[in-house]
Amino acid sequence: MDATTLWLVVGVILLVAVVLVGFVAVGRRRAQRTPEQPPSLEKPSAGTRSPGWEKSAEDSGNGPSATRVDVALPPPPADVEVPDIELVPEAPEFEQPEAPESRLIRLRRRLAGSNSPLSRGLLLLITRDRIDEDTWEEFEETLITSDLGVAPTAELVDSLRSKLRVEGIAEPGKARAILRAELIKLVDPTMDRTLNANRTDQPAVVMVVGVNGTGKTTTVGKLARVFVAEDKDVLLGAADTFRAAAADQLETWGSRVGVPTVRGAEGADPASVAFEAVRAGIEQEVDVVLIDTAGRLHTKVGLMDELGKVKRVIERQAPVGEVLLVLDATTGQNGLTQARIFAEVVDVTGIVLTKLDGSAKGGIVVQVQRELGVPVKLVGLGEGADDLAPFDAEVFVDALLDAA
């Protein structure tokens, strides 16, 4: 190889070496100037966002603009117990019915302000300085027109005449005490007025019967409130399937205090609805099943027989502990006729007198008890939701005397 060729080879080798050194140097400087790339700001897919993800004002389909990085949280320490969280729906608010004790106070106040014929008759007697035969005759007539009845009136007048003749009435307080004692005896405080509504191994079953217009379905709703105020679990049976909207009315009453209602189609067999209500009450282990029945006319023998059928069908599952007959206290003798017929069909165990505080004459309490041999257990005081109170003989008499 000559000298020229040798120098050419050496020159090419040197040129290649210089180029390689230059590339290495440039790569090192670029690596020193370039920072570490940040993590990706990709937006989480729908349904997988963690609680840390938030949208900005522009994150509405017009372009991504994430404001926070969705970072997975570390697991809790091994020694920390994380409780299970269960979302419970908010319970609906129900009305709180009035307690029976305060209802008795209101009963006396309402009756004392009623100015009934019975109260006026008592006023006639205790305000006279001298009582002659004319006074006694007037007093007797007033009592009879107050629906007290002929026999109870004669009994009261004879007893009062005898005791006042001996004791005298010079002292008004003494005459009033004698009158009070005789009236209480007439109303008969010895009668058991408690409601047989305590659960045993089965729910207590209460049937409510009566003629349309007496406030029967309303009484069932109010009675449910009485039981709820006593912390009882109640179920309603809408067995009045003939009157339009009767089941709706009853269901509305129940819903206000959280009481369910078993109902059937309009025109359905009342006995089957009552049967299903009692069965549901047994399955749900409620305390009381309240059955509202059709307000049939007492003159319709076939319909009255059907009412007896409802009771018999119910008793295939559980005994009927109470049959309450609702009477309008203003109907007088007509109400007594109704009471007799119903008692023959379903063995009435107690009376509910509605509208006792208004134009009622008051004496119906004594007469209906004597007619049926069963006590007045509840009285209606007005139109309010809690205007149903347990009847108390002494409270009733004291209210009459307060009005006199």
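As the structure is a computational prediction, the values presented were derived from the model and not from experiment.

## Focus: the nonpolar core
Okay, step 1: Residues M207, I291, I314, L325, I351 and L353 are the most contacted members of the largest nonpolar core, which totals 66 residues.
Okay, step 2: Excluding anything up to four places from it in sequence, I291 contacts V205, V206, M207, V208, G237, A239, A274, A277, V278 and I314.
Okay, step 3: In this structure, F227, L250, V259 and V352 belong to the second largest nonpolar core, which totals 23 residues.

## Some remarks on the side chain of K377
Okay, step 1: Turning to its location among the elements, K377 is positioned in strand β7 (residues 376-380).
Okay, step 2: Given a relative accessible area of 6%, K377 falls into the buried group.
Okay, step 3: Looking at K377, its side chain comes within polar contact range of the side chain of E322, at 2.6 Å.
Okay, step 4: Those residues in contact with K377, other than ones at most four positions away along the chain, are D192, R193, T194, L195, E322, L324, T349, G350, I351, A389, P390 and F391.

## Focus: the sheet that holds strand β2 (residues 234-238)
Okay, step 1: Spatial strand order, β3-β2-β4-β1-β5-β6-β7-β8: eight strands in an open sheet with mixed pairing. Each of the sheet's edge strands pairs with one partner strand only, and the pair in question is β3 (261-263) and β8 (388-390). Geometrically, the sheet is characterised by an average inter-axis angle of 25° between neighbouring strands, direction not taken into account.
Okay, step 2: Where β2 and strand β4 (residues 288-292) come together, five bridges link them in parallel fashion. Considered in β4, the bridge of A238 is made with D292.
Okay, step 3: Sheet contacts for helix α7 (residues 216-229): β1 (204-209), β2, β4, β5 (320-328), β6 (350-354), β7 and β8; angle to β4, the most-contacted strand, approximately 170°.

## Details of the packing of aromatic side chains
Okay, step 1: Counted by the stated rule, this structure contains two aromatic pairs.
Okay, step 2: Geometrically, the ring pair formed by W136 and F139 is edge-to-face, given 6.1 Å between the ring centres and 70° between the ring planes. In this pair, W136 and F139 are both assigned in helix α4 (residues 133-145), three residues apart and thus about one turn of the helix distant.
Okay, step 3: A ring pair is formed by F391 and F396, whose centres lie 5.3 Å apart and whose planes are at 50°; its orientation type is tilted.
Okay, step 4: On the accessibility criterion, F396 (3% relative accessible area) is buried.
Okay, step 5: The positively charged end of R256 is found above the aromatic ring belonging to W253, 5.2 Å away from the centroid.

## Looking at the confidence of the model for the protein chain
Okay, step 1: Per-residue pLDDT for the protein chain has a mean of 76; in total, 66% of the residues score no lower than 70.
Okay, step 2: For the stretch residues 33-69, pLDDT sits under 50, and the model shows 24 contacts to residues farther than four places along the chain or on other chains.
Okay, step 3: Segment residues 82-89: pLDDT under 50, and one contact once partners within four positions in sequence are set aside and those in other chains are kept.

## Brief notes about a negative patch on the surface
Okay, step 1: Together, D134, E137, E140, E141 and D158 line one region of the surface with negative charge.
Okay, step 2: Of the residues forming the negative patch, the biggest block, four residues, is contributed by α4.

## Side note on α7
Okay, step 1: With 14 residues, α7 extends 20 Å from end C-alpha to end C-alpha; this agrees with the ideal 20 Å at 1.5 Å per step.
Okay, step 2: Counting buried positions over the 14 residues of α7 gives 12, a clear majority of the element.
Okay, step 3: Where α7 ends, the next residue or the one after it, D231, has phi of about 65°, a positive value.

## Some points on the packing of helix α11 (residues 333-346) against helix α12 (residues 364-372)
Packed helices, taken two at a time, are described by the angle their axes make and the gap between the axes.
Okay, step 1: Packing of α11 against α12 leaves a shortest axis separation of 10 Å and a crossing angle of 25°. Classified by the angle between their axes, α11 and α12 sit roughly parallel to one another. Judged by the twist between their axes, the crossing of α11 over α12 is right-handed. Seen from α11, the contacting residues are Q333, L336, A339, R340 and A343; seen from α12, they are I364, Q367, V368, E371 and L372.
Okay, step 2: The class makeup of the residues in the contact of α11 with α12 is six nonpolar, two polar and two charged.

## Notes on α4
Okay, step 1: With 13 residues, α4 should reach 18 Å at 1.5 Å per residue; the first-to-last C-alpha distance of 19 Å fits that figure.
Okay, step 2: Within α4, burial applies to T135, W136, F139, T142 and L143. Looking down the long axis of α4, one finds its buried residues gathered within 125° of arc, a one-sided arrangement. Looking at α4, the residues exposed on the side facing more than 90 degrees away from the buried face are D134 and E141.

What counts and what doesn't
- Residues numbered from 1 in each chain as written.
- Predicted model: local features only at pLDDT ≥ 70, side-chain atom pairs only at ≥ 80, totals over all residues.
- Heavy atoms only, no water.
- Core = buried A, V, L, I, M, F, W, Y, C linked by side-chain atoms within 4.5 Å.
- Buried < 20%, exposed > 50% of the residue type's maximum accessible area, 1.4 Å probe, protein only.
- Contact = heavy atoms within 4.5 Å.
- Helix = DSSP H or I, 4+ residues; strand = E, 2+ residues; numbered from the N terminus.
- Polar contact = N/O pair within 3.5 Å; in protein donor to acceptor, adjacent residues only side chain to side chain.
- Pairing = 2+ DSSP bridges.
- Axes fitted to C-alpha atoms, helices over the stretch in contact; angles between N-to-C directions.
- Phe/Tyr/Trp six-rings, centres within 6.5 Å; stacked < 30°, edge-to-face > 60°.
- Lys NZ or Arg CZ within 6 Å of the ring centre and 35° of its normal.
- pLDDT = per-residue confidence, 0-100.
- Patch = residues over 30% accessible without salt bridge, like charges linked within 9 Å, V, L, I, M, F, W, Y side chains within 5 Å.
- Areas by Shrake-Rupley, 256 points an atom, 1.4 Å probe, with all protein chains shown as cover.
- Salt bridge = Lys/Arg side-chain N within 4 Å of Asp/Glu carboxyl O.
- Lys, Arg positive; Asp, Glu negative; His and termini not counted.
- Charge placed at Lys NZ, Arg CZ, Asp CG, Glu CD.
- Expected span 1.5 Å × (residues − 1).
- Parallel < 35°, antiparallel > 145°, perpendicular 65-115°, else oblique.
- Left-handed = near helix turned anticlockwise from the far one by under 90°.
- Nonpolar A, V, L, I, M, F, W, Y, C, P; charged D, E, K, R; others polar.
- Arc of directions from axis to C-beta.

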